[in-house]
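Summary of structural features
What follows is the residue order along each chain.
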Amino acid sequence: MLADSIWRPSPNFGPRRDGLTPQLVVLHYTAMTGLDEVLARLCTPEHEVSCHYLIDEDGRLFTLVDGAMRAWHAGAGSWAGVSDINSRSIGIELLNSGRVRFSEAQMHRLEVVLACVMDRWRIAPHGVIGHSDMAPARKQDPGRFFDWQRLARKGLSVWPDASIGRDTADFAQTAAQFGYPVNEAGMDAVFEAFRQRFRPWHVGPLDATDCAMMDDLATRFSARSLSLT
């Protein structure tokens, strides 16, 4: 268990399937703002949902499921052409409604947790994804208010450089190379997920900047290099 973490065990977990170990981190927001309500939901058998870590707005960290076990946080979806993301990931929930920015205390704690998790399981920065990345047709978290660029500056995620990407690249093709489930979720859902994460306040149709950013992501951070099995 991570230092200063509060142990609040959830019964909603099981063994990782087929001997898999964490190769991804999936970030979520709770879409609920009451800590007690969130903990009750994540720790009650009938809800059949959990996560490995929950970070409160004030930075308090709760451990619900040991990282070696399979928490039930990701649901249906895929990344880099593989499914059963629960068996391949660590799930981190952030207490947030999805309509406001994440607190400084919360982001700082997340940085500490990510550094520890990524070191323990040897997870690459491009293995840190959002729930909306692997399930774009049905999920939006961690949403437009989440600061992905901050994590990338600290080596805890990735950020594209449009100046070195091809602005004529095939967006759907490069999105799939980066890891998005284009065939399963559809182009519209993937485009929305991309915009939420990398151009959260930009509006309008697909443009050259989108294509250049996705091309750079696919070139430097291809999902193939994650070697997901």
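Residues numbered from 1 in each chain as written. Predicted model: local features only at pLDDT ≥ 70, side-chain atom pairs only at ≥ 80, totals over all residues. Heavy atoms only, no water.

What follows covers helix H7 (residues 187-198). Compared with an ideal rise of 1.5 Å per residue, which puts twelve residues at 16 Å, H7 spans 16 Å between its outermost C-alpha atoms and is within 8% of the ideal. Buried within H7 are the following residues: Ala189, Val190, Phe191, Ala193, Phe194, Arg195, Gln196, Arg197 and Phe198. In this fold, the buried residues of H7 make contact with strand S8 (128-130), helix H3 (131-134), helix H4 (148-153), helix H5 (171-178), helix H6 (182-185) and helix H8 (208-220). (Helix = DSSP H or I, 4+ residues; strand = E, 2+ residues; numbered from the N terminus. Expected span 1.5 Å × (residues − 1). Buried < 20%, exposed > 50% of the residue type's maximum accessible area, 1.4 Å probe, protein only. Contact = heavy atoms within 4.5 Å.)

Grouped together as the largest cluster of nonpolar side chains are 27 residues, with contacts concentrated most on Trp79, Phe178, Tyr180, Phe194, Met214 and Leu217. Only strand S3 (24-29), H5, H7 and H8 provide two or more residues apiece to this core. Per element, the largest residue contribution to this core is five residues, and it comes from H7. With residues up to four places along the chain from it excluded, the contact list for tryptophan 79 reads Leu24, Ile85, Ile129, Asp133, Met134, Phe178, Gly179, Tyr180, Pro181, Leu226 and Leu228. Core analysis: the second largest hydrophobic core is formed by 23 residues, Ile55, Leu110, Val117 and Leu151 among them. (Core = buried A, V, L, I, M, F, W, Y, C linked by side-chain atoms within 4.5 Å.)

The buried count for S3 comes to six of six residues, which makes it a mostly enclosed element. In S3, alternate side chains face the same way, and those of Leu24, Val26 and His28 on one face and Val25, Leu27 and Tyr29 on the other are all buried. As paired strands, S3 and strand S7 (residues 89-94) are joined by six bridges and run parallel to one another. Bridge pairing in S7 links valine 25 to isoleucine 90. Alignment of S3 against S8, held across three bridges, turns out to be parallel. Its bridge partner being in S8, leucine 27 is matched across the sheet by glycine 130. (Pairing = 2+ DSSP bridges.)

Here the focus is the environment of histidine 47. Note that histidine 47 resides in the loop between helix H1 (35-42) and strand S4 (53-55). According to the relative accessible area criterion, histidine 47 is partly exposed, its value standing at 36%. Taking the C-alpha atoms as reference, histidine 47 lies 8.4 Å from asparagine 12; in sequence the two are 35 residues apart.

Here we come to the pattern of salt bridges. Summed over the entire model, instances satisfying the criterion amount to 13 salt bridges. We note a salt bridge from arginine 150 to glutamate 104, for which the minimum N-O separation is 2.8 Å. Highlighted residues: arginine 150 in helix H4 and glutamate 104 in helix H2 (residues 104-121), separated in sequence by 46 residues. Aspartate 207 serves as the salt-bridge partner of arginine 199, at 2.8 Å between the closest nitrogen and oxygen. Under the relative-accessibility criterion, aspartate 207 is labelled partly exposed at 24%. Shared partners join several salt bridges into a network, and the residues in it are Arg195, Arg199, Asp207 and Asp210. (Salt bridge = Lys/Arg side-chain N within 4 Å of Asp/Glu carboxyl O.)

Another point: the pairing of S7. Counted residue by residue, S7 has six buried out of six residues, so it is predominantly covered. Side chains Ser89, Gly91 and Glu93 of S7 all project onto a buried face; the interleaved residues Ile90, Ile92 and Leu94 project onto the opposite face, where all are buried too.

Geometric descriptors of this kind do not, in isolation, establish any biological role.
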